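Here are the chains, one letter per residue:
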Amino acid sequence: MDDKEKEKEKEEKKHDGTDPVEEEEEDEEGNKRTVVLGPQVPLKEQLELDKDDESLRRWKEQLLGQVDTEKLGETAEPEVKVLNLTILSPGRPDLVLPIPFQADEKGYAFALKDGSPYSFRFSFIVSNNIVSGLKYTNTVWKTGVRVENQKMMLGTFSPQPEPYVYEGEEETTPAGIFARGSYSAKLKFVDDDGKVYLEMSYYFEIRKEWPATAQ
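So, here is what we can say about the structure in this document.

Cut-offs used in this document
- Residues numbered from 1 in each chain as written.
- Predicted model: local features only at pLDDT ≥ 70, side-chain atom pairs only at ≥ 80, totals over all residues.
- Heavy atoms only, no water.
- Helix = DSSP H or I, 4+ residues; strand = E, 2+ residues; numbered from the N terminus.
- Buried < 20%, exposed > 50% of the residue type's maximum accessible area, 1.4 Å probe, protein only.
- Contact = heavy atoms within 4.5 Å.
- Areas by Shrake-Rupley, 256 points an atom, 1.4 Å probe, with all protein chains shown as cover.
- Pairing = 2+ DSSP bridges.
- Axes fitted to C-alpha atoms, helices over the stretch in contact; angles between N-to-C directions.
- Core = buried A, V, L, I, M, F, W, Y, C linked by side-chain atoms within 4.5 Å.
- 1 Å grid on protein atoms, 1.4 Å probe; cavity = no way out; pocket = protein on both sides within 12 Å on 5 of 7 lines; lining within 4 Å.
- Points joined across faces, edges and corners; volume = space filled by probe spheres on them.
- Nonpolar A, V, L, I, M, F, W, Y, C, P; charged D, E, K, R; others polar.
- Polar contact = N/O pair within 3.5 Å; in protein donor to acceptor, adjacent residues only side chain to side chain.

Summing up its helical and strand segments, the chain has 3 helices and 12 strands in all. The buried share of the chain, reckoned over its 215 residues, is 33%. If you take every contact in the chain between residues at least 6 apart in sequence, the share linking residues at least 24 apart comes to 66%. For the chain, the accessible area works out to roughly 13,900 Å², and carbon and sulfur atoms hold 49% of it.

Spelled out as structure tokens, the structure:
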């Protein structure tokens, strides 16, 4: 096949709708990479298509776990609902914050003591289909300057009625007079396909002492 024939075949494939969509996406270094996106298929339909492939069927059964396949819907798009965020700190009662956050009279979603250990725990539900490469980012600013940009890969999850729970590693709030004050932040949950399930801006405060009562 000569070059002209190859070009003709490529053009035909481009317009016949059989090839997966290709999109260009910039990575963190600013370089462009090509992401190949295949058509999304309802999970129920996927299981039917793969029933003759023993190894693939077993892999999906293992991933799905205890999912009742008879109750799967016909929707191709997965859905992730983040239920709440819990802040844990040794010696303190757990602070459970429903999502979206409810700010106090000063506009803060919560307050932390400076120089104190803490960790976040998320609870979320996956429905309709398998969500692949779910991750969250939490970006924090103080007086307009970005001071933290946390990115965490959570993984791939099958739909199930019970919530999944993820607990992050323990961290320590910054200490000292200059660390105290108001912070703005943005929380985002997104999957490998770039679908955003939650994007929420909020404010919190770092104080010299813990709040006297739970907010």
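Our next topic: the sheet that holds strand 12 (residues 196-207). Note on sheets: strands pair through backbone hydrogen bonds, and any given pair is parallel or antiparallel. What the 5 strands build is an open sheet, ordered 5-12-11-7-8; its pairing is mixed. Pairing within the sheet leaves two strands with one partner each, and these edge strands are strand 5 (110-113) and strand 8 (145-157). Between one strand axis and the next, the sheet turns through 25° on average, direction left out of account. Bridge count between strand 7 (residues 131-142) and strand 8: 10 bridges; the pairing is antiparallel. The partner of Trp141 across the bridge, within strand 8, is Arg146.

Now for the nonpolar core. Core analysis: the largest hydrophobic core is formed by 35 residues, its most contacted members being Phe101, Phe110, Phe122, Phe124, Leu134 and Phe189. Considering every element that reaches this core, the biggest residue donor is strand 12, with 6 residues. The contacts of Phe101, once residues within four sequence positions are left out, are Leu85, Ala109, Phe110, Met200 and Tyr202.

This paragraph deals with empty space enclosed by the protein. As enumerated under the stated definition, the model contains 2 cavities of 30 Å³ or more in all. There is about 50 Å³ of room inside the second largest cavity. As for the second largest cavity, its lining consists of Tyr118, Ser119, Phe120, Tyr136, Gln150, Met152, Tyr166, Gly168, Glu169 and Glu171. Among the elements of the structure, strand 6 (117-127) and strand 8 are those that each provide at least two residues to the lining of the second largest cavity. Across the lining of the second largest cavity, the residue classes tally to 5 nonpolar, 3 polar and 2 charged.

Moving on, we come to the side chain of Glu205. Tracing the sequence through the fold places Glu205 in strand 12. Here the side chain of Glu205 touches Arg207 through a polar contact of 2.9 Å, side chain to side chain.

Worth remembering: the numbers are spatial, not functional.
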